[in-house]
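Observations on the three-dimensional arrangement
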Amino acid sequence: MKIKLIDPAFKGDHLEQDARDIKAYWFARLSLSTIAALTPEHHQVKITDENVEEIDFDEDVDLLGLTGMTMHAPRAYAIADRFRQRGIPVVMGGIHASSIPQEALQHVDAVVVGEAEMVWEQLLQDVQRGELKPIYKADKVCSMKNMRHPRRDLLNREAYSTVNCVQASRGCPFACEYCTVSQFFGRTYRYRPVDEIVEEVRSLEGDVLMFVDDNLVGKPAMARELFRKLIPLNKKWGSQGSLTMAKDRELLRLMSKSGNYAMFIGFESLSPDALAAMNKSWIQVEEFEDNIKIIQDHGIMIIGSFIFGLDQDDEGVFERTVRFCEKTGIELPIFFILTPIVGTPLFKRLESEGRILHRQWEKYNGGNVVFQPKLMSEDTLQEGYNWGYHEIYSRLSMFKRIVLNPFPLNRLVPNLGLNLAFRRMVMRAPNGTITELSRILHKLNISLPVKNPKNLIPTLADISMERGQKLWQEASREYLRIRATSDQRFRSLVIRLEGSMDLQAARTFMSRMMLAIQTGLPRVVIDFKGITHLSPRAIQHLVSEIYDWIANSPCNVQFINLKDKLARMPSNAVNLLGRIEMFEDDEANTRLVDK
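Since this is a predicted model, take the numbers as computed values, not measurements. (Residues numbered from 1 in each chain as written. Predicted model: local features only at pLDDT ≥ 70, side-chain atom pairs only at ≥ 80, totals over all residues. Heavy atoms only, no water.)

Notes on the side chain of Thr67
Along the chain, the position of Thr67 falls in the loop between strand S3 (63-66) and helix H3 (73-85). Leaving out residues up to four positions away in the same chain, Thr67 has contacts with Ile6, Asp7, Pro8, Ser31, Leu32, Ala76, Gly93 and Gly94. (Helix = DSSP H or I, 4+ residues; strand = E, 2+ residues; numbered from the N terminus. Contact = heavy atoms within 4.5 Å.)

Written out as structure tokens, the structure is:
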């Protein structure tokens, strides 16, 4: 048979990539070259990647094979329809078709669900007999031993930054809510025999390659063995892995020595609550800066991924993320709008909550809002994403991240080149704006050191000096951590206070909070639940300042979990009972904070 395999292009959006973009930073995908390798030699196979060459719709073929992610589905269906009009059978695989095969079957004759290794040859035999079945799905995952090398000879080598792509493992040991990896490969993490990986790498032409694994370091012991055996080959390589690699200095040393120059790492969010909600609490936000520095100190460039639009994200997330990337010198930041890919737990949850806006699959590309965010409007999310990308690839931001970053000088030109390539794509997109409240929220979320810990203990007369000394030492290590979140839909500002608050911290907090109130939010709730040490003068300052300010403002400011803190103070420490009444806890505010 004459078999044609097509990788559809993504068209009609600012994220569409031209030939210059692909040559600068994109590598060939492995899916179709792997299918070609699985095809018995008596068949003739050709591959067309529509991203780099035109499709010949009149070509003489006996079978058409298609792949694609969700954003490619409409184009894949259109291609399939044209070939089927000629009576040519069409089969489709990939993440999208595997997730909703019944939809795909409206446009194709058969769908390969999941991995193709164990069903492709049977499918070809069925085509020849005229007995093609609608669904082909293996009853188990394929073995990673003795895997065939992809047919790279069928790819247009000159069109990409490299066609030297190798897969060492499949799956991921984690199960993030938004991710399709576990859904497609099963809840497994499989590694090829290291010697087989090394042999494939040795066979490649050229000195640069990409490991296209979802998490190359998912099994550190296997990864260390691989890196040791790569060292003599003198190759340069990039890949993707979890931030857990920063915990293993030996792993990083071997990565660097074996030729690793860049890793794609999913940070996703600067909010611990957001990470926990997406089942990614195994990485700690407070360790991000140290982890980034450790990886960079090994000469490894970081391609850092961040997601906007999580349920915990308000409009302050955009500037907060941009400034973090600048501060830490992340060489190539990548931003995505949260995208609920069909079949993932995220899609199922948002659909059950009635928050999926539409099923225009071409918009499910990480650059368009396709669901209803929780704490901001759809327009605010889209505008903030657009602003964030333009801001992070502005000349000033690139200077901060690349030139001022103490990275080895021999990486300056490559890092800058990649940034300029990304900048070309970003500049094709519409620019965006962020609100004044967004900037204020960025400033409001802060940790303030305690300057006078002795004033935090209002009941020293009632406790032993030994206990008092212990409390002073404990408090002196504390900070006032401010976590501010706005809810645009309910026009509310929720401020969670954690740690210790002395008078100086209270003054700084109030000055920043007043800026937020002046943006016009009608309701502010301040939650004291996380406060462990509190100065009487601090709370007196807060209440007095807010009382005086409220007299001339329609803003409703209320406290949550404050009475419990005041009850621990001596009766003569603060005389606030008359004024506290107007800031009294109420059930509605508690629900707002919990939400």
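Quick notes on the nonpolar core
The biggest cluster of nonpolar side chains holds 109 residues, and the ones touching the most others in it are Phe83, Phe211, Leu226, Phe227 and Met255. Once residues within four sequence positions are removed from consideration, Phe227 is found in contact with Leu216, Val217, Trp237, Leu251, Leu254, Met255 and Ser258. Met513, Ile526, Phe528 and Ile546 belong to the second-largest nonpolar core, a separate cluster that totals 35 residues. (Core = buried A, V, L, I, M, F, W, Y, C linked by side-chain atoms within 4.5 Å. Buried < 20%, exposed > 50% of the residue type's maximum accessible area, 1.4 Å probe, protein only.)

Looking at the packing of helix H16 (residues 395-403) against helix H17 (residues 412-427)
Two elements in contact, H16 and H17, have axes whose closest approach is 10 Å; the angle formed by their N-to-C orientations is 155°. Relative to H17, the element H16 lies roughly antiparallel. The two elements H16 and H17 cross, and the hand of that crossing is right-handed. Only Leu412, Asn415, Leu416, Asn419, Leu420 and Arg423 of H17 make contact with H16, whose side of the interface consists of Arg395, Met398, Arg401, Ile402 and Val403. Its residues placed into classes, the contact of H16 with H17 shows six nonpolar, two polar and three charged. (Axes fitted to C-alpha atoms, helices over the stretch in contact; angles between N-to-C directions. Parallel < 35°, antiparallel > 145°, perpendicular 65-115°, else oblique. Left-handed = near helix turned anticlockwise from the far one by under 90°. Nonpolar A, V, L, I, M, F, W, Y, C, P; charged D, E, K, R; others polar.)

Here we look at the pattern of salt bridges
When their charged atoms lie close together, side chains carrying opposite charge are able to pair. Considering all chains together, one arrives at 39 salt bridges under this definition. With a shortest N-O distance of 2.8 Å, Glu200 and Arg192 are connected by a salt bridge. Arg192 gets classed as buried once you look at its relative accessible area, which sits at 3%. (Salt bridge = Lys/Arg side-chain N within 4 Å of Asp/Glu carboxyl O.)

Observations concerning the environment of Arg355
Examined against the element boundaries, Arg355 turns out to sit in the loop between helix H14 (345-352) and helix H15 (378-392). Here the alpha-carbon distance between Arg355 and Lys374, two residues 19 residues apart in the chain, equals 9.1 Å. Aside from chain neighbours lying at most four places away, what touches Arg355 is Asp311, Arg349, Leu350, Val370, Phe371, Gln372, Pro373 and Lys374. Reaching out from Arg355, the side chain makes a polar contact with the side chain of Glu353 at a distance of 2.8 Å. (Polar contact = N/O pair within 3.5 Å; in protein donor to acceptor, adjacent residues only side chain to side chain.)

Section: the sheet that holds strand S5 (residues 110-113)
Across the sheet, which stays open at both edges, the six strands sit in the order S2-S1-S3-S4-S5-S6 with parallel pairing between neighbours. Strands with a single pairing partner mark the edges of an open sheet, and in this sheet they are strand S2 (44-49) and strand S6 (135-137). Within the sheet, the average angular offset between the axes of one strand and its neighbour, ignoring direction, is 20°. Two elements, strand S4 (residues 90-92) and S5, share two bridges in a ladder whose sense is parallel. For Val91, the partnering residue across the bridge sits in S5 and is Ala110. Relative to the sheet, helix H6 (residues 120-129) contacts strand S1 (2-7), S3, S4, S5 and S6, its axis offset from that of S3 by approximately 150°. (Pairing = 2+ DSSP bridges.)

Thoughts on the sheet that holds strand S16 (residues 479-487)
Within a beta sheet, neighbouring strands are joined by backbone hydrogen bonds and run either parallel or antiparallel to one another. Spatial ordering of the open sheet is given by S15-S16-S17-S18-S19, a layout of five strands whose pairing is mixed. The outermost strands of the open sheet, each flanked by one partner alone, are strand S15 (446-449) and strand S19 (556-560). This sheet shows a mean twist of 20° between the axes of neighbouring strands, independent of strand direction. Sheet topology places strand S18 (residues 523-534) next to S19; five bridges connect them, and they run parallel. Looking at S19, one finds that Val525 is bridged to Gln558. Taken strand by strand, helix H18 (residues 436-444) contacts S15, S16 and strand S17 (492-501), and its axis lies near 160° from that of S16. The strands that helix H20 (residues 503-517) touches are S15, S16, S17, S18 and S19; relative to S17, the one it contacts most, it runs at about 170°.

A closer look at the packing of aromatic side chains
In the structure shown here, the tally under the stated rule is 18 aromatic pairs. Plain terms: the ring middles of Phe267 and Phe306 are 5.4 Å apart, the flat faces sit at 5° to each other, and that makes the pair stacked. Here Phe267, found in strand S12 (residues 260-268), pairs with Phe306, found in strand S13 (residues 301-308); they are 39 residues apart in sequence, far enough to count as distant. By relative accessible area, which is 0% here, Phe267 ends up buried. With relative accessibility at 1%, the residue Phe306 sits in the buried group. Aromatic ring contacts, followed pair by pair, group Phe267, Phe288, Phe306, Phe308, Phe318, Phe324, Phe335, Tyr385, Tyr389, Tyr393 and Phe422 into a single cluster. When the ring centre of Phe57 is taken as reference, the NZ or CZ atom of Arg82 above it lies at 3.7 Å. (Phe/Tyr/Trp six-rings, centres within 6.5 Å; stacked < 30°, edge-to-face > 60°. Lys NZ or Arg CZ within 6 Å of the ring centre and 35° of its normal.)

Here we look at the environment of Leu252
Relative to the helices and strands, Leu252 is located in helix H10 (residues 249-257). For the pair Leu252 and Ile294, spaced 42 residues apart in sequence, the C-alpha separation works out to 8.8 Å. Beyond its immediate stretch of four places on either side in the chain, Leu252 contacts Met245, Ala246, Ile294, Ile295, His298 and Ile300.

Some details on helix H8 (residues 194-203)
Helical geometry note: an α-helix holds 3.6 residues per turn, so side chains three or four residues apart project in the same direction. Listed as buried for H8 are Val194, Ile197, Val198, Glu200 and Val201. Viewed along the axis of H8, the buried residues span an arc of 160°, placing them on a single side of the element. Buried positions along H8 lie against strand S7 (165-166), strand S9 (189-191), strand S10 (208-211) and helix H9 (220-230). (Arc of directions from axis to C-beta.)

Remarks on unusual backbone geometry
Of note, the phi angle at Asn146 is positive, near 55°, even though the residue is not glycine. Looking at where Asn146 falls in the secondary structure, it is placed in the loop between S6 and S7. For Asn146, a relative accessible area of 64% translates into the label exposed. Of note in this structure, Glu268 is not a glycine but carries a positive phi near 70°. Within the secondary structure layout, Glu268 lies in strand S12. Residue class for Glu268 comes out buried when judged on its relative accessible area of 6%.

All we've got here are geometric facts, nothing functional implied.
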